[in-house]
Protein chains: 2
Amino acid sequence: MTKKEIAAMSPAETEILRIVWELGAATVLEVVDQLPPERQIAYATVQTLLRRLEHKGYLKHKSRGKAHVFMASARKEEVISRTVKDFLNRLFGGDPVPLVQYLAEHGEITREDIDGLKKLIDKPKGK
Amino acid sequence: MTKKEIAAMSPAETEILRIVWELGAATVLEVVDQLPPERQIAYATVQTLLRRLEHKGYLKHKSRGKAHVFMASARKEEVISRTVKDFLNRLFGGDPVPLVQYLAEHGEITREDIDGLKKLIDKPKGK
DNA sequence: GACATTCTTTTACAAATGTACGATATCGGA
DNA sequence: TCCGATATCGTACATTTGTAAAAGAATGTC
């Protein structure tokens, strides 16, 4: 625990958070329904994960009827930034090139994707 | 634990493994010396991590004098593949494009990197 | 208003993780 | 051969993680 403002999340939590992001806002059940078929975990488990994410500051919730609707609390951009950076540091010592290289070599990204990226770089965003 | 042949490694372990890969082969002390300054953990801790990595099948060791020299046991390519895939699944639902996009937007990868990638894609490797 | 239904809260618990101390073994010298 | 310096081994232990059952509360329905 270095000096991280916000507690890191576990892999399982990460997946749940992603689903909430995807849905914008979601109840426990909605998250459960969104889990990939090869990953069936109990309703109660998802609930625990959501609660933990809220504790850690990633999510907040409000009530809709009896159900809790969870939604992002921390800025997604920032969370992704920290998470990717951390991953990169641990697996590649911080150098992103081997990662992207890996993706390219394994056909995970296509030519078109790359052309798109080029545009992104040429035209620095948000300026 | 789905049906993974080899036990997943923890973040801390991942970092240690990367260092061993980087050095090719290394004693505990050599790994310790390679840790980034902002991450100072005790000799004994590194030892434990190395031991655990060996147990899980990522490393093996042989003795050089009194010291153990650790080196890769599992195929690096494969380990990276699994690790990246898992990360991608959890944080981006498996889609690599947002990840690379993030890297591009944040100046983590440059124009040149991208041009290099293009070559990789155009010329499918190992064929 | 009693019930079944649907949610949340509380509580649990084994396994994994992060971190490290103390005891023991080994090696190179004096 | 005894000593100090190095290393490893065994062990420990508080947290976090992954997973979930059980108990309690709110709701819509006859």
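Residues numbered from 1 in each chain as written. Chains lettered and ligands numbered in written order. Predicted model: local features only at pLDDT ≥ 70, side-chain atom pairs only at ≥ 80, totals over all residues. Heavy atoms only, no water.

Peer 1: I would appreciate a short explanation of the sheet that holds strand 3 (residues 67-72) of chain A in the present structure.
Peer 2: Sheet strands pair via backbone hydrogen bonds, and the direction of the pair is either parallel or antiparallel. Residues and elements named next belong to chain A. Strand order in the open sheet formed by three strands is 1-3-2, and the pairing between neighbours is antiparallel. Two strands lie at the open edges of the sheet, namely strand 1 (25-26) and strand 2 (59-64), each paired on one side alone. Strand direction decides the pairing type here: strand 1 and strand 3, joined by two bridges, are antiparallel. Bridging across to strand 3, Ala25 finds its partner in Met71. Contacting strand 1, strand 2 and strand 3, helix 1 (residues 11-23) runs over the sheet at an angle of about 90° to strand 3. (Pairing = 2+ DSSP bridges. Helix = DSSP H or I, 4+ residues; strand = E, 2+ residues; numbered from the N terminus. Contact = heavy atoms within 4.5 Å. Axes fitted to C-alpha atoms, helices over the stretch in contact; angles between N-to-C directions.)

Peer 1: Explanation requested: the sheet that holds strand 2 (residues 59-64) of chain B in the structure shown.
Peer 2: Residue and element names in this part refer to chain B. In space, the three strands of this open sheet follow the order 1-3-2, with antiparallel pairing throughout. In this open sheet, the two strands that pair with only one neighbour each are strand 1 (25-26) and strand 2. Bridge analysis of strand 2 against strand 3 (residues 67-72) gives six bridges, and the strand direction is antiparallel. Residue pairing in the sheet places Leu59 in a bridge with Ala72 of strand 3. Contacting strand 2 and strand 3, helix 3 (residues 43-55) crosses the sheet at an angle of about 120° to strand 2.

Peer 1: Would you mind showing me how to read the side chain of Glu13(A) here?
Peer 2: Residues and elements named next belong to chain A. Position of Glu13 relative to the elements: it lies in helix 1. Given a relative accessible area of 3%, Glu13 falls into the buried group. Those residues within four positions of Glu13 in sequence are excluded, and the remaining contacts are Ala8, Leu49, Arg52, Leu53 and Lys56. (Buried < 20%, exposed > 50% of the residue type's maximum accessible area, 1.4 Å probe, protein only.)

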